[in-house]
Amino acid sequence: MSSLSRELVFLILQFLDEEKFKETVHKLEKESGFFFNMRYFEDCVTNGEWDEVEKYLSVYTKVDDNRYSMKIFFEIRKQKYLEALDKGDHGRAVEILVKDLKVFSTFNEELFKEITLLLTLANFRENEQLSKYGDTKTARAVMLVELKKLIEANPLFRDKLQFPTLKNSRLRTIINQSLNWQHQLCRNPRPNPDIKTLFVDHTCGPPNGARAPSPVTNPLMGSIPKVGGFPPIGAHGPFQPVVAPAPAPAPLTASFAGWMANPSSVAHQALSAGPIGLSASCNADSENVLKRPRPFGISEEMNNLPVNILSVTYPGQSHTHTLYSSEDLPKNVFSDLNQGSIVKSMDFHPVQQTLLLVGTNIGDIAIWEVASRERLVSRNFKVWDLGACSTTLQASLASENTAAVNRVIWSPDGALLGVAYSKHIVHIYSYHGSDGLRNHLEIDAHVGNVSDLAFSQPNKQLCLITCGEDKTIKVWDAVTGNKQYSFEGHEAPVFSVCPHHKESIQFIFSTAIDGKIKAWLYDNMGSRVDYNAPGHSCTTMAYSADGTRLFSCGTNKEGESHIVEWNESEGAVKRTYHGLGKRSVGVVQFDTTRNRFLAAGDEFQIKFWDMDNVNLLTAINAGGRLPASPCLRFNKEGIILAVSTNDNGIKILVNADGTRLLRSIENCALDASRAASVAVEKGPIIGTFGASISTAGTSIGIADRSAPMTAIVGLNGDNRTLPDVKPRVADELEKSKIWKLTEINEPSQLRSLCLPDSLMPIRVVRMIYTNSGGAILALTDNAVHKLWKWQKNERNLTGKATSALPPQFWQPSSGILMTNDICETNQEDAVPCFALSKNDSYVMSASGGKISLFNMMTFKTMTTFMVPPPAASFLAFHPQDNNVIAIGMDDSSIQIFNVRVDQVKTKLRGHQKRVTGLAFSNVLNVLVSSGADAQLCVWSMDGWEKQASKFLQIPSGHVSNPLGQTRVQFHEDQIHVLAVHGTHMAIYEAPKLECLKQVAISCFKAFK
């Protein structure tokens, strides 16, 4: 088909869509195969129309076309299968297994068998890799995110995902132009001719006098659009405009390039996507994978695209907007919090989503647990080091030693929080749960008012971005406080900043009080954008949760407020939302949630919009007492909304899910307090820690994970972070308890528990909690692994480790054991070690012989590698890429090994004896190692250069054991390192390894 014929098909598709011939539109899409309508596909998946989903897909690709296509079809059929199991329709599940999933067995028979075994479970969520599977609606939303990535990466869909950028009613316009041309060729043109047919050329009847030609008009065809007025067709239907590629040699993302005044000034490396499959993964190294494939693959955590087809992850946000209705908005008042001064800024914790950070007009900050209405932390404004401040700030404080809070914000992982004040400075605190707030950094950031701050992670390095009255934007290292960039170009004080990234491009939007919008790259090359905000408003900007849509809201000097969505590809306003006041008091604040709703505080109300509808959805006054322009903030899931009141308080609004969550936490806290009082009166239920247990098995001491005590973290370098998943109530309850810290001072506060064991009782040499907190994995002296799991039932609602109930000794039905390779010679010198993958699907382990990779569900050995000597003495997964592991060796070296390509990337040498500990810091981007030489080393994760090293200070009167082990572990703040030696414990601050505290342990036994 010629290119013109192809374009005609697009014109017809646009016309049919405008005329609401929906079924015909999709039939033509399928018959022509020119355009894959992603929105229609999403709707079909969301509604569970599986036959139509596969029919529509089959026009563009088949199952065996490539690895992308195979993965797309597999995800869809797997979801059908799980839904049938969830409904208890085993007949339908068997039918799907045989007819739809059987085809994949030829590519991975083992995984097909694992899927088949799900039929034997009463609830497939008993399978550990599916334990986080939520309800059907959520599962479909999660799958859509993955399917979209796969479709966009699939070369068969290239040039079929974007609808051409067309002016409205383009086919009508062409017809009208043709009719006008025909009319001008008439021998006797008449004014305002009546067009009755398009089947023949137009001609006018006999003349009634000489008249000048006039344009053809016909209500049926509509008017010709004016030049320049061309809202994209995407605003009226499912088609999205084509984004023009950026000019070479600067492959900037189209969305940002559209804003750029000179986008070609900076070049960035474009991202590439290679093929994927059930046994191979897709990332930048995929070409190497194809050249050197391995016989196994590690689950989705190791690649951007999953390999283990059973693993399911549920992020907190979904891009599909059809899953929610206005009833999901948090509009019901749950509680009132009395802050005591005017609230200026709020932010919910990104992980513990019932923690609310608040800043006020008198410089106070507070952290509230909104479920219990408890103020956990309160700090007044105070300069930490006045002598280090500028003379200008010292003079200002001398006249008035107060400052207002302009902005408070959590870091992406919730480990840090930032506060911007109205006088020069920014405070950064580290947060350690409950009331554990510690000073981290004090930065004299700007001259005058610090208007806004935000966290960003360019090049995987945590940074702080500030702006202020001195018309500048500055970027600071969030760990050291060193200034990295300073951007100048605004002609008025800068009001807000909005960092973001598109693919590999990191950038910052900034707005000033004169209504100017600018954008900056991290390169000191000046602003790439110079636009005006609507109405020259003092504006804030924010992206939707999935980062695909950009919004702004602001108020100008006349009090007119504007809330709009931007078309990033054109740098223009895409839609303007109606309903904001014309005489707003102050600058209207707004927030986004669920990739679907907008909310703004205006005219003593909270106003809500659907992102896809410019008309006001609803407005509420939340029972009154709201200021003219209230401050408001959603939590991450959008089920809780905090709004300021005019009596120095905060109202907590919830939807049904928010109510259940907060009530459950309330009840749990009450039950925990009752249980604690009973425990004090009656003593431990099972026995005091250290008491002899006669029952056969393994005896351990457990800090009960069902009680509000400090979370237990193993000393094998396993630094864990809470997953960013869409929580169910039970998950939120568990998170809330982790943050309720309790000191353990007495043996009676601990409980002992004997773990059942049907195998030969062998000494345990390594033990660790799984990342999920619901199991314990142990490694014995004979190289065999043992696993105990706590079951989720009415006595243990969370399914987490607890001493109140014994766990089950777990083995797969095959009865096989996870047994490490053993080196027959010098076995007594072997150092057992292991490390768990992030989702507990795999364990990497060694007992003096080769390193083994085991599947935790089947206990099968996936592969072995690295034949000794030297032998592995410690293992740790890279925190950002689990394909990469750090292996401490008994020859004193550290090997950085890529599992997927079976290759040692580099060797690190700095220790004099065997490596005994490894710990990664995501914040500092470093690896800290320890050795039997009593030395600590710090290595950069970027180039693996050694940054620092220090020998431990052995206390006087103690002799270091040459065979002793030094373990290292990062604190939650990822900055402070705990080093445990046979003679003492010490806390160091990385990366310089400054010793902050050291305690000698006279009776401490060295690790074996």
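Before any of the text, the structure's been laid out above.
Reading guide: rules and limits
- Residues numbered from 1 in each chain as written.
- Predicted model: local features only at pLDDT ≥ 70, side-chain atom pairs only at ≥ 80, totals over all residues.
- Heavy atoms only, no water.
- Helix = DSSP H or I, 4+ residues; strand = E, 2+ residues; numbered from the N terminus.
- Buried < 20%, exposed > 50% of the residue type's maximum accessible area, 1.4 Å probe, protein only.
- Contact = heavy atoms within 4.5 Å.
- Areas by Shrake-Rupley, 256 points an atom, 1.4 Å probe, with all protein chains shown as cover.
- Axes fitted to C-alpha atoms, helices over the stretch in contact; angles between N-to-C directions.
- Parallel < 35°, antiparallel > 145°, perpendicular 65-115°, else oblique.
- Left-handed = near helix turned anticlockwise from the far one by under 90°.
- Nonpolar A, V, L, I, M, F, W, Y, C, P; charged D, E, K, R; others polar.
- Polar contact = N/O pair within 3.5 Å; in protein donor to acceptor, adjacent residues only side chain to side chain.
- Patch = residues over 30% accessible without salt bridge, like charges linked within 9 Å, V, L, I, M, F, W, Y side chains within 5 Å.
- Salt bridge = Lys/Arg side-chain N within 4 Å of Asp/Glu carboxyl O.
- Expected span 1.5 Å × (residues − 1).
- Core = buried A, V, L, I, M, F, W, Y, C linked by side-chain atoms within 4.5 Å.
- Pairing = 2+ DSSP bridges.

1. Observations concerning the overall build of the chain
Okay, so step 1: Counting its regular elements, the chain contains 14 helices and 50 strands.
Okay, so step 2: Looking at the chain residue by residue over its 1008 residues, the buried ones come to 54%.
Okay, so step 3: The long-range fraction of contacts in the chain, counting pairs at least 24 apart against all pairs at least 6 apart in sequence, stands at 56%.
Okay, so step 4: As displayed, the chain has an accessible area near 43,600 Å², and 52% of this comes from carbon and sulfur atoms.

2. Digging into the packing of helix α5 (residues 67-86) against helix α6 (residues 90-101)
Okay, so step 1: Relative orientation of the contacting elements α5 and α6 amounts to 165°, with a least axis distance of 8 Å. Between α5 and α6, the crossing angle belongs to the class labelled roughly antiparallel. Handedness of the crossing formed by α5 with α6: left-handed. Side by side, α5 and α6 meet where Phe74, Arg77, Lys78, Lys80, Tyr81, Ala84 and Leu85 of the first sit next to His90, Arg92, Ala93, Ile96, Leu97, Asp100 and Leu101 of the second.
Okay, so step 2: Among the residues forming the contact of α5 with α6, the class breakdown is 8 nonpolar, 1 polar and 5 charged.

3. Regarding the side chain of Asp452
Okay, so step 1: One can find Asp452 in strand β10 (residues 450-456).
Okay, so step 2: Of note is the side chain of Asp452, whose polar atom sits 3.0 Å from the backbone nitrogen of Val497.
Okay, so step 3: Leave out the neighbours within four places in its chain, and Asp452 touches Arg407, Ala420, Ile465, Thr466, Cys467, Phe495, Ser496 and Val497.

4. Examining a nonpolar patch on the surface
Okay, so step 1: Taken together, the side chains of Leu198, Phe199 and Val200 make up a nonpolar region of the molecular surface, amounting to roughly 380 Å² of accessible area.
Okay, so step 2: Looking at where Phe199 falls in the secondary structure, it is placed in the loop between α9 (170-184) and α10 (254-257).

5. As for helix α8 (residues 136-153)
Okay, so step 1: Over its 18 residues, α8 extends 26 Å from the first C-alpha to the last, a length consistent with the 26 Å expected when each residue adds 1.5 Å.
Okay, so step 2: Taken together, the buried positions of α8 are occupied by Thr138, Ala139, Arg140, Ala141, Val142, Met143, Leu144, Val145, Leu147, Leu150, Ile151 and Ala153.
Okay, so step 3: Looking at the buried positions of α8, the neighbouring elements they touch are α3 (38-46), α4 (50-58) and α5.

6. Looking at the nonpolar core
Okay, so step 1: Counting 42 residues, the largest nonpolar core has Phe36, Phe41, Leu57, Tyr81 and Leu101 as its most contacted members.
Okay, so step 2: Where this core is concerned, the elements lending two or more residues are α3, α4, α5, α6, α7 (109-117) and α8.
Okay, so step 3: A total of 10 residues in this core trace back to one element, the largest contributor, which is α5.
Okay, so step 4: The residues touching Tyr81, leaving out its near neighbours within four places in the chain, are Ala93, Ile96, Leu97, Leu101, Ile115, Thr116, Leu118 and Leu119.
Okay, so step 5: Counting residues in each nonpolar core, the second largest holds 22 residues, with Leu355, Leu393, Ala403 and Val419 among its members.

7. What about the packing of helix α2 (residues 22-32) against α4?
Okay, so step 1: At a minimum axis distance of 9 Å, the contact between α2 and α4 shows a crossing angle of 40°. Judged by the angle between their axes, α2 and α4 are oblique. Residue-level inspection shows His26, Glu29 and Lys30 of α2 in contact with α4, the latter providing Glu52, Lys55 and Tyr56.

8. Re the pattern of salt bridges
Okay, so step 1: Taken as a whole and assessed by the stated rule, the structure comprises 32 salt bridges.
Okay, so step 2: Between Lys80 and Asp100 there is a salt bridge, with the nearest N and O atoms lying 2.8 Å from each other. Taken together, the positions of Lys80 in helix α5 and Asp100 in helix α6 put the pair 20 residues apart, joining distant regions of the chain. Residues Lys80 and Asp100 agree in their burial class; the two are buried.

9. Re the sheet that holds strand β27 (residues 640-644)
Okay, so step 1: One open sheet accounts for 4 strands, arranged β1-β28-β27-β26; its pairing is antiparallel. The open sheet terminates on both sides in strands that have one partner only, identified here as β1 (332-338) and β26 (632-634). The mean inter-strand angle of the sheet, taken between neighbouring strand axes irrespective of direction, is 20°.
Okay, so step 2: Direction of pairing for β26 relative to β27: antiparallel, over a ladder of 3 bridges.

10. Examining the sheet that holds strand β11 (residues 463-468)
Okay, so step 1: Here 4 strands make up an open sheet; going across it, the order is β10-β11-β12-β13 and the pairing antiparallel. If you trace the sheet from one side to the other, it starts and ends with β10 and β13 (483-488), each paired once. Within this sheet the neighbouring strands show an average axis-to-axis angle of 15°, counted without direction.
Okay, so step 2: Sheet analysis places β11 next to strand β12 (residues 472-477), joined by 5 bridges and oriented antiparallel. Across the sheet, residue Cys467 finds its bridge partner in β12, namely Ile473.

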